[in-house]
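# Analysis of the macromolecular model
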Amino acid sequence: MENLASNDKTEDPKEKEQSSTITLPEPKENLDNLTKEDIVTRLLNSVDFFKTASGSFETFDSFYDGSISKTKVEYKYSNTTVVGGYEKVNNFAEDKNSVTYENEYYYNHQMVWTLDQNQKDYVSYNYELSGKKDTVTANDVFEIDLYKLYDSDEKFRERPPFSGNLFDYEFTAKYLRDVEQWKIEKQNEEFIGHNTIVIYGNIPESIRETNFAQPNEKRFRIWVDKDTGIILKKEIYNNAGDVISYLRSSSLIINKFLKKKSFYLF
């Protein structure tokens, strides 16, 4: 099997040592006041605002039948000299402590390798990036019918097959489409070392009636990294104000060096 950073050129030792890491300038924290249009543009085009990212987060979801789902995810991603990524997903049982399965995903610009840690086996397959290479606008995306939201890759920006919380375009298209239903609650709030903009909003009845809604979801709040448009934290609330769904990042490192071997399967 070829590795994810394959190179037909034979490198001499010095060149190999110099090219063993990806080093990029660290972004400066954005303290500017952003408009609704500014932040939606970042959310829908986050791929334009960073070159490498690594981090971790956990998610929690409750469902109509009373069941819950909890996952912990670690990831690395690059779209610069090395194009590829890695994602490790642990899914937890309803007692929230025991791991029910663990999968690892590796990918480059055209191949995916899925490693099942339980079965100690892997599968690989080809894929093609879908979506637009150029900037999309809110009008491009907000016209998508809610029932077709998860079948409309061609209207979103290009993104890799596994992207964690880096390119959460569907969430933006679903919850921010009615600009009268949400507001910028805070322009600058620190979260895990990043400056975020906090958005708080109501979830309209039209969304709550779809098959993609959580039970009794009423309002939402998201924390968006102002530099990149990455959603670092999001919470969905029911009528009583209880959190019934969340994503909470525990780390995010942008444009710091990544070792190329991070994207090797073997």
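No experiment lies behind these values; they were computed from the predicted model shown.

## Considering the overall build of the protein chain
Broken down by element type, the protein chain carries 5 helices and 13 strands. Taking the contacts inside the protein chain whose residues are at least 6 apart along the sequence as the reference set, 56% of them involve residues at least 24 apart. When the accessible surface of the protein chain is totalled, it reaches about 13900 Å², and 45% of it is carbon and sulfur.

## Thoughts on the layout of surface pockets
Taken as a whole, the largest pocket encloses approximately 1100 Å³ of empty space. Lining the largest pocket we find 39 residues, and of these Tyr150, Gly164, Asp168, Glu170 and Lys234 sit closest to its centre. Secondary structure elements with two or more residues in the lining of the largest pocket: strand 2 (52–62), strand 3 (68–79), strand 4 (83–92), helix 4 (169–175), strand 11 (231–237) and strand 12 (243–254).

## Some thoughts on helix 2 (residues 36–44)
An α-helix turns once every 3.6 residues. As a result, residues three or four positions apart point the same way. The set of residues buried in helix 2 consists of Ile39, Val40, Arg42, Leu43 and Leu44. Where helix 2 is buried, its residues contact helix 3 (138–142), helix 4, strand 8 (182–191), strand 9 (194–202), strand 10 (219–225) and strand 11.

## Thoughts on the pairing of strand 3
Of the pairings in the sheet, the one linking strand 2 to strand 3 comprises 11 bridges and is antiparallel in character. When the sheet's bridge partners are listed, Phe60 is paired in strand 3 with Lys70. Count of turn residues in the strand 2/strand 3 antiparallel hairpin: 5 residues, of which Gly66 carries a positive phi of about 90 degrees. Two strands pair when backbone bridges link them, and strand 3 and strand 4 are joined in this way by 10 bridges, in the antiparallel orientation.

## A look at the packing of aromatic side chains
Applying the stated criterion across every chain yields a total of 13 aromatic pairs. Both rings, one in Phe50 and one in Phe167, keep their centres 5.8 Å apart while their planes meet at 15 degrees; by these two values the pair is stacked. A residue pair is termed long-range when its members are at least 10 positions apart, and Phe50 in the loop between helix 2 and strand 2 and Phe167 in the loop between helix 3 and helix 4 qualify at 117 residues. Accessibility classification places Phe50 together with Phe167 in one group, the buried group. Ring centres of Tyr175 and Phe220 lie 5.5 Å apart, and the angle between their planes is 50 degrees; this geometry places the pair in the tilted category. Of the two residues, Tyr175 sits in helix 4 while Phe220 sits in strand 10, which places them 45 residues apart along the sequence. Side by side, Tyr175 and Phe220 carry an identical accessibility label, which is buried. Joined through ring pairs, the aromatic side chains of Phe50, Tyr77, Phe156, Phe167 and Tyr169 make up one cluster. Looking at Lys36, its charged tip hangs above the ring of Trp182, at a distance of 4.6 Å from the centre. The ring of Trp223 carries the charged tip of Lys233 above its face, separated from the ring centre by 4.4 Å.

## Re empty space enclosed by the protein
For the structure shown, the criterion picks out 1 cavity of 30 Å³ or more. Looking at the largest cavity, its volume works out to about 30 Å³. In terms of lining residues, the largest cavity is bounded by Tyr75, Lys76, Tyr77, Tyr86, Glu87, Tyr107, Phe162, Ser163 and Leu166. Looking at the lining of the largest cavity, the elements that each hand over two or more residues are strand 3 and strand 4. Considering each element in turn, the lining of the largest cavity owes the most residues, 3 residues, to strand 3.

## What about the confidence of the model for the protein chain?
Overall, the predicted model of the protein chain reaches an average pLDDT of 82, with 80% of residues at or above 70. Here residues 1–19 scores under 50 on pLDDT; set against residues more than four positions off or in separate chains, the count is 25 contacts.

## Details of the pattern of salt bridges
Evaluation of the coordinates by the stated rule reveals 9 salt bridges. The closest approach of N and O atoms between Arg248 and Glu235, which form a salt bridge, is 3.2 Å. In this pair, Arg248 is assigned in strand 12 and Glu235 in strand 11, connecting sequence segments 13 residues apart.

## Quick notes on the environment of Ser69
The residue Ser69 is located in strand 3 in this model. The sequence separation of Ser69 and Thr59 amounts to 10 residues, and the corresponding C-alpha distance is 7.9 Å. In contact with Ser69, not counting residues within four places along its chain, are Thr59, Phe60, Asp61, Phe63 and Asn91.

How each quantity is defined
- Residues numbered from 1 in each chain as written.
- Predicted model: local features only at pLDDT ≥ 70, side-chain atom pairs only at ≥ 80, totals over all residues.
- Heavy atoms only, no water.
- Helix = DSSP H or I, 4+ residues; strand = E, 2+ residues; numbered from the N terminus.
- Contact = heavy atoms within 4.5 Å.
- Areas by Shrake-Rupley, 256 points an atom, 1.4 Å probe, with all protein chains shown as cover.
- 1 Å grid on protein atoms, 1.4 Å probe; cavity = no way out; pocket = protein on both sides within 12 Å on 5 of 7 lines; lining within 4 Å.
- Points joined across faces, edges and corners; volume = space filled by probe spheres on them.
- Buried < 20%, exposed > 50% of the residue type's maximum accessible area, 1.4 Å probe, protein only.
- Pairing = 2+ DSSP bridges.
- Phe/Tyr/Trp six-rings, centres within 6.5 Å; stacked < 30°, edge-to-face > 60°.
- Lys NZ or Arg CZ within 6 Å of the ring centre and 35° of its normal.
- pLDDT = per-residue confidence, 0-100.
- Salt bridge = Lys/Arg side-chain N within 4 Å of Asp/Glu carboxyl O.

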